[in-house]
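Structural characterization, general
For reference, the chains in residue letters:
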Amino acid sequence: MAILSQLRAGKSATAAVCLAILLTLTGCRPGGEQPEPHSEVLLVSGGLLVAMDDAGTVIENGAVAIDGDRIAAVGGADELAARYPGARVVPAEGRIVMPGLINAHTHVPMTLFRGLADDLELMDWLQQVIFPAEAEHVDEEFVRWGTRLACLEMISGGVTTFADMYFFEDAVAEEAARCGLRAILGEGLIDFPAPDNKTWDEAIAYTEAFLDKWQGHPLVTPAVGPHAPYTISGEHIQVAHALAVERGAPLLIHLAEQPTEVEQIREQTGERPIDYVAGLGVLDDRATAIHVVWPSEGEIETLAELGVGMVHCPQSNMKLAAGIAPVPRMLAAGVAIGIGTDGAASNNDLDLWSEIDTAAKIHKVTSGDPTVVNARQAMTMATLGGARALHMEGEIGSLEVGKLADLIVVDVSSPHQQPVYDPYSVLTYATRAADVETVIVGGKVVLDRGRHTTIDPAPVLAKAAEYRDRIRDSLKTATPEG
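Tallying each qualifying case throughout the model produces 27 salt bridges. The salt bridge partner of D448 is R451, with a shortest N-O separation of 3.8 Å. Because the salt bridges share partners, they merge into one network encompassing E140, R144, R148, D170, E174, E175, R178 and K213.

Put into structure tokens, the structure is as follows:
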């Protein structure tokens, strides 16, 4: 009778648990139906479910059932408790359950260069500081520790997928997989000696081996990463694209990031960067263009017509004074847009929540229209929009049956979030990385109520301090010429 009285009391967490117990004891469901068979089902239950799907599904007292690495069901907590009576429950009362965030562009090993050089123009920052520092310090060990630090930061902030372009990308892949994060990873291809590959032939051979090794991995999607039209020739961009087509891989490329880049490419080719690269035949529905701060109207139409994804990195672009991408115009044209942090050397963090907030606000200022890039649109760019920009919307980005089980539980009980009227508003304008409580990637819990389950923070933070001292000492002893 106690169980029945609890059930009559309403949709409380206790009622859901009691219902599960009752159905387990009786072996039946309402209407005489039998419970669905399941094995090791994980039930995230009791929170405000924000699915981030096209329908705008929001469910009070909602739940997500996870079977293996996929979402088996999305619905009310009581309903799913009845369907999966033996499930392991992750309680989410008083919280928001939503898809994991997608950091659609970064350079994760560069966390170890965080704060190394601030307040410089892009080309000065690259040529005077970053490229020389990479030449001196970047090796496989650097990449591994920088990736661990980045994964620690991103998991803490609710990122479940990131897209990366750097060097020693095989090491990035190994560390991301070990930390349990989903990743789209492109070996950076440039026409001058890189820390890992000193010639083009070495770089393209490395990329081929990288694609072969990671193809079909449950977490890592290998990609091809021609850096930008100002660091790699048109012929080599075409070779990179042909390899991506041959192996069925994504292609990641920086485009139209800064006015100086636009002028440089125009002087060299007679065309603007996106027109130039499109003329090479390499922009298609496997390509993701990063930054795209300075496109012409015609180039925006080109991106939309060819199905090219775009990644908006507002804070990095602001800090380097690169400009502000015309996101409202691109959204209106139908370009799929995600949000990225860029590397921590130019941001200086991998906090996607602050990027979402910035993306929602900055375009209101530049347009003079407070209605552009509303809260739901901003959150979409960090979830389903990011998946579309990376051409992975069939697998990630929203809480829908059959998709990969990448989701987060966000505490919304803090004073800076109260009271909650609208879930998109509180997530976009009031939530911070520290509010993320639980992170699940592919059905595996990688952050359990604030505790990391796949990575030990202490040695990672200690090693970051070691690298700081090493790099700082090298700067002290460097001559003006070197």
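Right, let's get into the layout of surface pockets. Of the volumes computed, that of the largest pocket is approximately 320 Å³. Forming the boundary of the largest pocket are 22 residues, of which T221, P250, H391, M392 and E395 lie nearest the centre. The greatest single-element share of the lining of the largest pocket, amounting to three residues, is contributed by strand β9 (residues 220-226). Residues belonging to the lining of the largest pocket are distributed by class as follows: ten nonpolar, six polar and six charged.

This part takes up the packing of aromatic side chains. If you walk through the whole model with that rule in mind, you get four aromatic pairs. Where F142 meets Y467, the ring centres are 5.5 Å apart and the plane angle is 90°; that geometry is what we call edge-to-face. Note that F142 is positioned in helix α5 (residues 140-156) and Y467 in helix α18 (residues 457-477), a separation of 325 residues in sequence. Summarising the burial analysis for this pair, F142 and Y467 share the class buried. Taking 4.9 Å as the distance between ring centres and 45° as the angle between the ring planes, the aromatic pair formed by Y166 and F167 counts as tilted. With respect to burial, Y166 and F167 carry one shared label: buried. Above the face of the Y467 ring, R470 is positioned so that its terminal group lies 4.4 Å from the ring centre.

Most of strand β10 (residues 251-255) is tucked away: five of the five residues are buried. Alternating positions in β10 separate into two faces, L251, I253 and L255 on one and L252 and H254 on the other, with burial throughout. Judged from the five bridges that link them, β10 and strand β11 (residues 287-291) form a sheet pairing that is parallel. By the bridge assignment for β11, I253 is matched with A289.

This paragraph deals with the nonpolar core. Residues M98, L101, F113, W125, F162 and W353 are the most contacted members of the largest nonpolar core, which totals 115 residues. It is α5 that provides the largest number of residues to this core, a total of nine residues. With residues up to four places along the chain from it excluded, the contact list for W353 reads M98, L101, G157, M379, I408, V410, L427, T431, R432, A433 and V436. Core analysis: the next-biggest nonpolar cluster, separate from the first, contains 16 residues, V44, L49, I59 and L399 among them.

We now examine the state of the cysteines. Under the defined criterion, the tally for this structure stands at zero disulfides. Sulfur of C179: no disulfide; nearest cysteine sulfur belongs to C151 and is 4.1 Å away. The exposure class assigned to C179 is buried, which follows from its relative accessible area of 2%. Of all cysteine sulfurs in the structure, the one in C151 sits closest to C313, which takes part in no disulfide; the separation is 18 Å. Exposure remark for C313: the relative accessible area of 0% places this residue in the buried category.

So, about the side chain of N347. Looking at the secondary structure, you find N347 in the loop between β13 (337-339) and α14 (352-367). Engagement of the side chain of N347 in a polar contact is seen with the side chain of E355, the distance being 2.7 Å. Among residues more than four places away in sequence, those in contact with N347 are Q315, K319, T341 and E355.

What counts, and at which threshold
- Residues numbered from 1 in each chain as written.
- Predicted model: local features only at pLDDT ≥ 70, side-chain atom pairs only at ≥ 80, totals over all residues.
- Heavy atoms only, no water.
- Salt bridge = Lys/Arg side-chain N within 4 Å of Asp/Glu carboxyl O.
- 1 Å grid on protein atoms, 1.4 Å probe; cavity = no way out; pocket = protein on both sides within 12 Å on 5 of 7 lines; lining within 4 Å.
- Points joined across faces, edges and corners; volume = space filled by probe spheres on them.
- Helix = DSSP H or I, 4+ residues; strand = E, 2+ residues; numbered from the N terminus.
- Nonpolar A, V, L, I, M, F, W, Y, C, P; charged D, E, K, R; others polar.
- Phe/Tyr/Trp six-rings, centres within 6.5 Å; stacked < 30°, edge-to-face > 60°.
- Buried < 20%, exposed > 50% of the residue type's maximum accessible area, 1.4 Å probe, protein only.
- Lys NZ or Arg CZ within 6 Å of the ring centre and 35° of its normal.
- Pairing = 2+ DSSP bridges.
- Core = buried A, V, L, I, M, F, W, Y, C linked by side-chain atoms within 4.5 Å.
- Contact = heavy atoms within 4.5 Å.
- Disulfide = S-S within 2.5 Å.
- Polar contact = N/O pair within 3.5 Å; in protein donor to acceptor, adjacent residues only side chain to side chain.

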